[in-house]
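Descriptive analysis of the structure
Here's the letter readout for the chains.
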Amino acid sequence: MSPQPPALRVGIVGYGVMGKAHSYGYRVAPMLRALPVTPVVSVMSGRNGPAVAAAAAAYGIPEHTTDWRALVARDDIDVVDICTPPGTHAEIARAAAAAGKAVLCEKPLALTYPEAAAALAAVTSAGVHHAVGFNYRRLPAVALMRHMVAGGAIGEVRLWRATWLSDEFTDPGTPYDWRFDRQMGGTTIADLGSHLIDMALWMAGEIRAVCAQSATFIAERPPPGGGGRAGTGAGARAVTVDDASSALLRFGSGALGAMEVARAAVRRPCDFTVEVNGSRGTLVFDYARLNELRYGSADDDPGLYGMRRIRAEHPSHPYAGSWWPIGQGVGYGASFGNQVADLLEGWPGAPWSPGFGQGAAVQAVCDAMEASAAQGRWVTVSEVTGAA
Ligand SMILES: NC(=O)c1ccc[n+]([C@@H]2O[C@H](COP(=O)([O-])OP(=O)(O)OC[C@H]3O[C@@H](n4cnc5c(N)ncnc54)[C@H](O)[C@@H]3O)[C@@H](O)[C@H]2O)c1
């Protein structure tokens, strides 16, 4: 029997939806690929003692704490994995870097571009590994789409468009939490848009300018922990984020883009689509059919006019070979297993990707969209970054 690779000890900050997804990713990754280390989540933190204790027990994590600083300070932790609301990310990331830990941070990297740039500077000067959790890139079909675009399957990229529609905010009785709070980074642009912007930059290159609009349809929410009753009763809290935003994009390459993000779309659970039209072809991804791509090429037989459905499950496709036999498909959770396997495959020598540089680049476009919507004009991304 070959010995198990040495442990890489992980501390996860936050036990909510992402705390669970990341815990799952560390468990699954060694089943997917031979890794030089075995990730072991040894501690999880959260503000609510009983809740973090219950989560740690459920996820098989031996220790828990209500103090993230204590987690970061531990000598027996190699990686700090940040799964808290965006408004807390940069501070935790800077502290982890100062303690010499590798840092995986959920998206969006920070509240603003300057804060993201400061987090990038902190991990760079500390010389630690860093990554942002843009997990959707690691779905086989999305990875295949990017691979095909980069390989010239659609020619020169001319048009990029995406939508992300959710019904998370449609019920006026949904109580206030961090997602309604700009100071915690809860904007729809940051929440849903950051993933789409990451995919846009990854597939189609730099975004030079944006022209955006935003709306908040439900201005107040019942107090935290309340719920069930809409309206402006005692304790109602003002919403400081957008329910929906959309934007026109201009890429540095000359390509045009359009994107729409909304948490105000009734009966749309978490549906995103990405379509790229190139000079010689079209590729379409639809999250509701996440193991597939649609592809049409100008070189196809005209008699077969239309788009074919590619099942991104063939062993030759990205990630697919390490999962199930062809035809079984994967789901959302696979992206987190793939994420850990990608990051740890080259440990400790290979840098992580996408790193905080990409997180900051995405943040700059988010900030440009917010500024554009507020000011009613096109905003260049260089106005945000200060780049010449
Ligand atoms: N990549 C993805 O698919 C994906 C999906 C959902 C959320 N996210 C991102 O993950 C991060 C966490 O989201 P989530 O859905 O797990 O959140 P959640 O509300 O389910 O959990 C939040 C966690 O952070 C802790 N926390 C610390 N400070 C807090 C504060 N001031 N307010 C509220 N909670 C606080 C909570 O105790 C809890 O453990 C966010 O940045 C979010 O954008 C990513």
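Scroll up to find the structure.
Residues numbered from 1 in each chain as written. Predicted model: local features only at pLDDT ≥ 70, side-chain atom pairs only at ≥ 80, totals over all residues. Heavy atoms only, no water.

A word on the overall build of the chain
Quick note on the threshold: Numbering of helices and strands runs from the N terminus; a helix is a DSSP stretch of H or I covering at least four residues, while a strand is a stretch of E covering at least two. What the globule rule says is 2.2 Å times the number of residues to the power 0.38, and the radius of gyration is computed from C-alpha atoms. Relative accessibility decides the category of a residue: with a 1.4 Å probe and only protein chains considered, values under 20% of the type maximum give buried, values over 50% give exposed, and everything between is partly exposed.
Secondary structure summary: the chain contains ten helices and 17 strands in total. Taking 388 residues into account, the globule formula puts the C-alpha radius of gyration at 21 Å, and the chain, at 21 Å, falls close to it. Projecting the C-alpha coordinates of the chain onto the three principal axes gives extents of approximately 65 × 65 × 45 Å. The 388 residues of the chain split such that 52% are buried.

Points about the pattern of salt bridges
Cut-off, in case you're wondering: Salt bridge, as used here, is a side-chain nitrogen of Lys or Arg placed within 4 Å of a carboxyl oxygen of Asp or Glu.
Tallying each qualifying case throughout the model produces 22 salt bridges. One salt bridge in this structure joins arginine 308 and aspartate 300, with 2.3 Å as the shortest N-O distance. Note that glutamate 313 and arginine 311 form a salt bridge whose closest N and O atoms lie 3.2 Å from each other. Residue classification places glutamate 313 among the buried residues on the basis of a relative accessible area of 7%. According to the relative accessible area criterion, arginine 311 is partly exposed, its value standing at 47%. Because the salt bridges share partners, they merge into one network encompassing Arg33, Arg138, Asp342 and Glu345.

Describing the site of the ligand
Which entries qualify depends on this criterion: What makes a residue near a molecule or strand is one non-hydrogen atom of that residue sitting within 4 Å of it. We define a polar contact as two N or O atoms separated by no more than 3.5 Å, with the added condition that, inside protein, one atom must be a possible hydrogen donor and the other a possible acceptor, whereas residues neighbouring each other in sequence contribute only through side-chain atom pairs. Note on residue categories: nonpolar means Ala, Val, Leu, Ile, Met, Phe, Trp, Tyr, Cys or Pro, charged means Asp, Glu, Lys or Arg, and polar means any other residue, Gly included.
Close to the ligand lie 24 residues; Tyr15, Met18, Asn135, Arg179 and Tyr332 are nearest. Backbone polar atom of valine 17 to an oxygen atom of the ligand: 3.1 Å apart, as the coordinates give it. Listing elements by their share of the shell around the ligand, those giving two or more residues are α1 (17-32), α4 (86-98) and α7 (188-204). The element contributing the most residues to the shell around the ligand is α4, with three residues. When its residues are assigned to classes, the shell around the ligand shows eleven nonpolar, eight polar and five charged.

Structural notes on the sheet that holds strand β15 (residues 292-297)
Rules: Strand pairing requires that DSSP identify at least two bridges connecting the strands. Only heavy atoms matter for contacts: two residues are in contact if any of them lie within 4.5 Å across the pair. The axes used here are C-alpha line fits, helices contributing only the stretch in contact, and every angle between their N-to-C directions lies in the interval 0 to 180 degrees.
Read across the open sheet, the nine strands follow the order β16-β15-β14-β13-β7-β12-β11-β8-β17; overall the sheet is mixed. A strand with exactly one partner marks an edge of an open sheet, and here the two such strands are β16 (308-311) and β17 (379-380). For strand β13 (residues 271-278) and strand β14 (residues 281-286), the ladder comprises five bridges, and the chain directions are antiparallel. For valine 276, the partnering residue across the bridge sits in β14 and is leucine 283. Sitting on the sheet, α7 touches β7 (157-165), β8 (207-215), β11 (244-251), β12 (256-262) and β13, and the angle it makes with β7 is about 155 degrees. Across the sheet, helix α9 (residues 356-375) touches β8, β11, β12 and β17, and the angle it forms with β8 is around 50 degrees.

Describing the pairing of strand β4 (residues 79-82)
What counts is decided by this rule: For the handedness criterion, the strands are oriented away from the viewer, and a crossover whose path from the first strand over the helix to the second runs clockwise is classed as right-handed.
Residue alternation in β4 divides its side chains into two sets, Val79 and Asp81 and Val80 and Ile82, and both sets are buried. Following the backbone out of β4, through α4 and into the adjacent parallel strand β5 (residues 102-105), one traces a crossover that is right-handed.

That's the geometry; what it means functionally is another story.
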